Amino acid sequence: MAELSVKHLLGIKYLNEADIDLIFETADHFKEVINRSIKKVPSLRDITIANIFFENSTRTKLSFELAEKRLSADVINFSAGQSSVKKGETLIDTVNNILSMKVDMVVMRHPNPGAGIFLSKHVNASIVNAGDGAHEHPTQALLDSYSIREKLGDVAGKKVVIVGDILHSRVALSNIFALKLQGAEVKVCGPHTLIPKHIETLGVEVENNLLKALNWCDVANMLRIQNERMEISYFPTTREYTQQYGLNKKILDSLDKEIVVMHPGPINRGVEITSDVADSKQSIILNQVENGVAIRMAVIYLLASKIK
Ligand code: CP
């Protein structure tokens, strides 16, 4: 049986093209499963998974939990805000206490970049990064590429622009790695202050003009401004940001071709994207969410097969 080259999913950076192909083939199978009347398979009946979230989440947390339950794994959930972390317990102590309850896999979201990498070196369990600060969000990038493949037939050769707060976005970095690995052309677009210096070294081009970027692309991935990661102002006002980098229906309808619109969520309606765009037929935002369950089932199933 084909297997992943990695024991943990810490970032797209550590995957190769064959890993992505294998995850997508496995997700194709699980997507068929979750559309059956009985949406569950017994594959992981002997596996226990802890979802530990040190940062807020709606989509990722629910999607991982559902994926685990669809695979028949035993699941425990931990939110730092209601835990003994508030009494000063460290990350390693917290996780080792959870693991002593015979847990096989840890899915972790954490505000610190590299938290998953750190954990993988100190505990004996398979670690899945569910977003580490402004670093990586690998399952989001996988479900994004999978959704492009589903909509356009392939990722290779497609032109994708990632718009907005690239500087603070783990979604942007993981998407850049995933899209480049699969042969897509990638541009980033946003205010100079929200584009990291030297981003071109990742093989992407910078385009500061939204209209030019949109007229170039097949797919626009609109990102949220990550106010929670900003200690200073990176643009004068939200209104000005929206005027220059917000996508509205008038702009969408003025483009030379019909592009696909994506957003990882949560959406700030009226800031980076208007409701009539988010809810338009060109938007695949809810397809992304649906595909997240199949992708996470695939990732968990493939990683679990390495610890059995
Ligand atoms: N896309 C995403 O990571 O959303 P949540 O923060 O709600 O999990």
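Keep in mind that what you see is a predicted model, and the values were worked out from it rather than measured.

### Here we look at the pairing of strand β3 (residues 105–110)
Where burial is concerned, most of β3 is hidden: six out of the six residues are buried. Here β3 shows a buried face lined by Met 105, Val 107 and Arg 109 and a second buried face lined by Val 106, Met 108 and His 110. Pairing analysis gives five bridges linking β3 to strand β4 (residues 126–132), with the strands arranged parallel. Bridging across to β4, Met 105 finds its partner in Ser 126. In this view, the connection linking β3 to its parallel neighbour β4 by way of helix α4 (residues 115–122) has right-handed handedness.

### Description of helix α1 (residues 17–34)
The end-to-end C-alpha distance of α1 is 25 Å, a good match for the 26 Å that 18 residues give at a rise of 1.5 Å each. For α1, every residue scored as buried is listed here: Asp 19, Ile 20, Leu 22, Ile 23, Phe 24, Thr 26, Ala 27, Phe 30, Lys 31, Val 33 and Ile 34. Residues of α1 that are buried make contact with α2 (59–70), α5 (138–152), α6 (170–181) and α11 (285–307). Looking at where α1 begins, the residue whose side-chain oxygen comes 3.1 Å from the main-chain nitrogen of Ala 18 is Asn 16.

### Some points on the domain arrangement of the protein
Each assigned domain of the protein is listed here: domain 1 (12–136 + 289–304) and domain 2 (138–288). The centre of domain 1, based on its C-alpha atoms, is set 25 Å off from the matching centre of domain 2. On the side of domain 2, 29 residues touch domain 1, which itself brings 31 residues to the contact. Roughly 2,500 Å² is buried in total at the junction of domain 1 and domain 2, and carbon and sulfur atoms are behind 60% of that figure. Its largest share of buried area at the contact with domain 2, domain 1 owes to Ile 12, Phe 24 and Asn 291, together 25% of the area lost on that side.

### Overview of the side chain of Ser 72
Looking at where Ser 72 falls in the secondary structure, it is placed in the loop between α2 and β2 (74–79). Dropping the residues within four chain positions of it, Ser 72 is found in contact with Lys 40, Val 41, Pro 42, Leu 44 and Arg 45.

### A short note on the site of the ligand
Around the ligand sit Ser 57, Thr 58, Arg 59, Thr 60, Arg 109, His 137, Gln 140, Pro 264 and Gly 265, and those are all the residues in its vicinity. Contact distances for the ligand include 2.6 Å between an oxygen atom and a side-chain N or O atom of Ser 57. Contacts to the ligand include Arg 59, whose side-chain N or O atom sits 2.9 Å from an oxygen atom. Protein coverage of the free-state accessible area of the ligand, which is 260 Å², stands at 91%. Here the shell around the ligand is built from residues that sort into one nonpolar, six polar and two charged. In terms of domain composition, the shell around the ligand takes at least three residues from each of domain 1 (12–136 + 289–304) and domain 2 (138–288).

The rules behind each value
Sequence order as written defines the numbering, with residues in each chain counted from 1. Residues qualify for local features only when their pLDDT is at least 70, as the model is predicted, and side-chain atom pairs are given and counted only at 80 or more; totals for whole chains, interfaces and linings, by contrast, use all residues. Only hydrogens and water are set aside; all other atoms, that is, all heavy atoms of the structure, feed into the side-chain values. For every residue, the accessible area (1.4 Å probe, protein chains only) is compared with the maximum for its type, and the residue is labelled buried under 20%, exposed over 50%, or partly exposed between those bounds. Per the convention used, a helix needs a DSSP run of H or I reaching at least four residues, while a strand needs a run of E reaching at least two, with both numbered from the N terminus. Any two strands between which DSSP finds at least two bridges are classified as paired. For the handedness criterion, the strands are oriented away from the viewer, and a crossover whose path from the first strand over the helix to the second runs clockwise is classed as right-handed. A helix's residues, less one, multiplied by 1.5 Å, set its expected span. Residue contacts are counted whenever heavy atoms from the two residues lie within 4.5 Å of one another. In the analysis that follows, any N or O atom pair within 3.5 Å is treated as a polar contact, provided that within protein one partner can donate a hydrogen and the other can accept it, and provided that, for residues neighboring in sequence, both atoms belong to side chains. All domain edges in this entry derive from an automatic or database-based domain assignment. Accessible-area loss on putting two parts together, using a 1.4 Å probe and summing over both, is the definition of buried area adopted here. Summary of the distance rule: residues count as near a molecule or strand when at least one heavy atom falls within 4 Å of that molecule or strand. The Shrake-Rupley method, run with a 1.4 Å probe sphere, supplies the accessible areas, and residue values consider only the shown protein chains as cover. Note on residue classes: Ala, Val, Leu, Ile, Met, Phe, Trp, Tyr, Cys and Pro are nonpolar, Asp, Glu, Lys and Arg are charged, and everything else, Gly too, is polar.

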